[in-house]
Amino acid sequence: MSRQTEHTQAAVLFVCLGNICRSPTAQGVFEHKLARSAHAGAVETDSAGTGDWHVGKAPDARARQAAASRGYRIDHLRARQVTPDDFHRFDWILAMDASNLAHLQAMKPEGSRAQLAMFLEPLGDAFESEVPDPYYGGDAGFAHVLDLCEAASDAWLMRLGSSANENKD
Ligand code: 4NP
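So, here is what we can say about the structure in this document.

Analysis parameters
- Residues numbered from 1 in each chain as written.
- Predicted model: local features only at pLDDT ≥ 70, side-chain atom pairs only at ≥ 80, totals over all residues.
- Heavy atoms only, no water.
- Helix = DSSP H or I, 4+ residues; strand = E, 2+ residues; numbered from the N terminus.
- Expected span 1.5 Å × (residues − 1).
- Buried < 20%, exposed > 50% of the residue type's maximum accessible area, 1.4 Å probe, protein only.
- Disulfide = S-S within 2.5 Å.
- Near = heavy atom within 4 Å.
- Polar contact = N/O pair within 3.5 Å; in protein donor to acceptor, adjacent residues only side chain to side chain.
- Areas by Shrake-Rupley, 256 points an atom, 1.4 Å probe, with all protein chains shown as cover.
- 1 Å grid on protein atoms, 1.4 Å probe; cavity = no way out; pocket = protein on both sides within 12 Å on 5 of 7 lines; lining within 4 Å.
- Sits in = over half its atoms within 2 Å of the grid points.
- Nonpolar A, V, L, I, M, F, W, Y, C, P; charged D, E, K, R; others polar.
- Points joined across faces, edges and corners; volume = space filled by probe spheres on them.
- Core = buried A, V, L, I, M, F, W, Y, C linked by side-chain atoms within 4.5 Å.
- Contact = heavy atoms within 4.5 Å.
- Phe/Tyr/Trp six-rings, centres within 6.5 Å; stacked < 30°, edge-to-face > 60°.
- Pairing = 2+ DSSP bridges.
- Arc of directions from axis to C-beta.

### Observations regarding helix H1 (residues 22-35)
Thinking step 1. Look at H1: 20 Å from first C-alpha to last across 14 residues, which is about the 20 Å you get at 1.5 Å a residue.
Thinking step 2. Burial analysis of H1 places eleven of its 14 residues in the buried class, which makes it a mostly covered element.

What follows is the structure, given as structure tokens:
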């Protein structure tokens, strides 16, 4: 089967608090899997934080090291804050935790294109519902973030692929 590269099916924004640990990791893992999937080139991605403390910074060194240990590249990413325009640019805005989601819901403008969801929502009850903030913890927290990002990225790729097929009918 040929790769579906002729048009963008979806634009996805990953959101956490600082945009230096969880959401850049989610973006990097998702992009890695996307590039190896049938949807390569058909999904645009970015990440952002609800807070502005780390704007312009590279991902946390612990997040970069954990990602690199599994073959994911996130060093080139730079933190930015979520903007009202993001709600018009992206089809999906995926929150790492419930606090991020509440923040996004509160700032969602009228006529927003974006659907808001928890990043782990498609994993169902077998997993926790939030990606825990690893910032004040140890290396195990960063490895756990990667585990969750890998499982959720697989699930979102399946979901985005099946909704693209529905739209073809
Ligand atoms: P993130 O982690 O939301 O996964 O990027 C955090 C990074 C920084 C802070 C909190 C969480 N902070 O308080 O500076």
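From this point on, the discussion continues.
### Some points on the state of the cysteines
What we call a disulfide is simply a covalent bond connecting the sulfur atoms of a pair of cysteines.
Thinking step 1. This model, assessed by the stated rule, comprises zero disulfides.
Thinking step 2. Looking at the unpaired Cys 16, the closest cysteine sulfur is the one in Cys 21, lying at 7.0 Å.
Thinking step 3. Overall, Cys 16 belongs to the buried group, its relative accessible area being 2%.
Thinking step 4. The thiol sulfur of Cys 149 is not disulfide-bonded, and the nearest other cysteine sulfur, from Cys 16, lies at 9.5 Å.

### Quick notes on the site of the ligand
Thinking step 1. Around the ligand lies a shell formed by Cys 16, Leu 17, Gly 18, Asn 19, Ile 20, Cys 21, Arg 22, His 54, Asp 133, Tyr 135 and Tyr 136.
Thinking step 2. Within the side chain of Arg 22, a nitrogen or oxygen atom sits 2.8 Å from an oxygen atom of the ligand.
Thinking step 3. Separating an oxygen atom of the ligand from a side-chain N or O atom of His 54 is a distance of 2.7 Å.
Thinking step 4. Burial of the ligand by the surrounding chains reaches 92%, relative to a free accessible area of 350 Å².
Thinking step 5. Among the cavities detected, the one that contains the ligand is the second largest pocket.
Thinking step 6. Taken together, the residues of the shell around the ligand sort by class into six nonpolar, three polar and two charged.

### As for the layout of surface pockets
Thinking step 1. Roughly 160 Å³ of volume is contained in the second largest pocket.
Thinking step 2. If you go around the second largest pocket, the residues you meet are Cys 16, Leu 17, Gly 18, Asn 19, Ile 20, Cys 21, Arg 22, Trp 53, His 54, Asp 133, Tyr 135 and Tyr 136.
Thinking step 3. Residue classes in the lining of the second largest pocket are distributed as seven nonpolar, three polar and two charged.

### Some words on the nonpolar core
As a rule of thumb, nonpolar side chains are buried together in soluble globular proteins.
Thinking step 1. With 37 residues, the main nonpolar core has Phe 14, Phe 30, Leu 94, Phe 119 and Trp 156 as its most contacted residues.
Thinking step 2. Residue contacts for Phe 30: discarding those within four places in its chain leaves Phe 14, Val 43, Thr 45, Ser 153, Trp 156, Leu 157 and Leu 160.
Thinking step 3. Counting 14 residues, the second largest nonpolar core, distinct from the first, contains Leu 13, Ala 95, Leu 101 and Leu 116.

### Remarks on the packing of aromatic side chains
Thinking step 1. In total, this model carries four aromatic pairs according to the counting rule given.
Thinking step 2. Relative to Phe 30, the ring of Phe 14 has its centre 5.4 Å away and its plane inclined at 55°; by these criteria the two rings are tilted. With Phe 14 in strand E1 (residues 10-16) and Phe 30 in helix H1, this residue pair connects regions lying 16 residues apart in the sequence.
Thinking step 3. Phe 30 sits in the buried class, given a relative accessible area of 1%.
Thinking step 4. Judged by centre distance (5.5 Å) and plane angle (85°), the ring pair of Phe 14 and Phe 119 falls under edge-to-face. In this pair, Phe 14 is assigned in strand E1 and Phe 119 in the loop between strand E4 (115-118) and helix H5 (139-168), connecting sequence segments 105 residues apart.

### What to know about the pairing of strand E3 (residues 92-95)
Each regular strand displays side chains that alternate between the two surfaces of the sheet.
Thinking step 1. Burial of E3 is two-sided: the residues Trp 92 and Leu 94 facing one way and the residues Ile 93 and Ala 95 facing the other way are all buried.
Thinking step 2. Bridge count between E1 and E3: four bridges; the pairing is parallel. The residue bridging Phe 14 from the neighbouring strand is Leu 94, located in E3.
Thinking step 3. Sheet analysis places E3 next to E4, joined by four bridges and oriented parallel. Note that in E4 the partner of Ile 93 across the bridge is Leu 116.

### What to know about helix H2 (residues 61-69)
Thinking step 1. What H2 keeps buried is the set Ala 63, Ala 66 and Ala 67. All buried residues of H2 project into a common sector of 100° when viewed along the axis, lining one side. Residues of H2 that are exposed and angled more than 90 degrees away from the buried face: Gln 65 and Ser 69.
Thinking step 2. If you check the start of H2, you find a side-chain oxygen 2.8 Å away from the backbone N of Arg 62, and it comes from Asp 60.
Thinking step 3. Looking one or two places after H2, you find Gly 71, whose phi comes out positive at around 90°.

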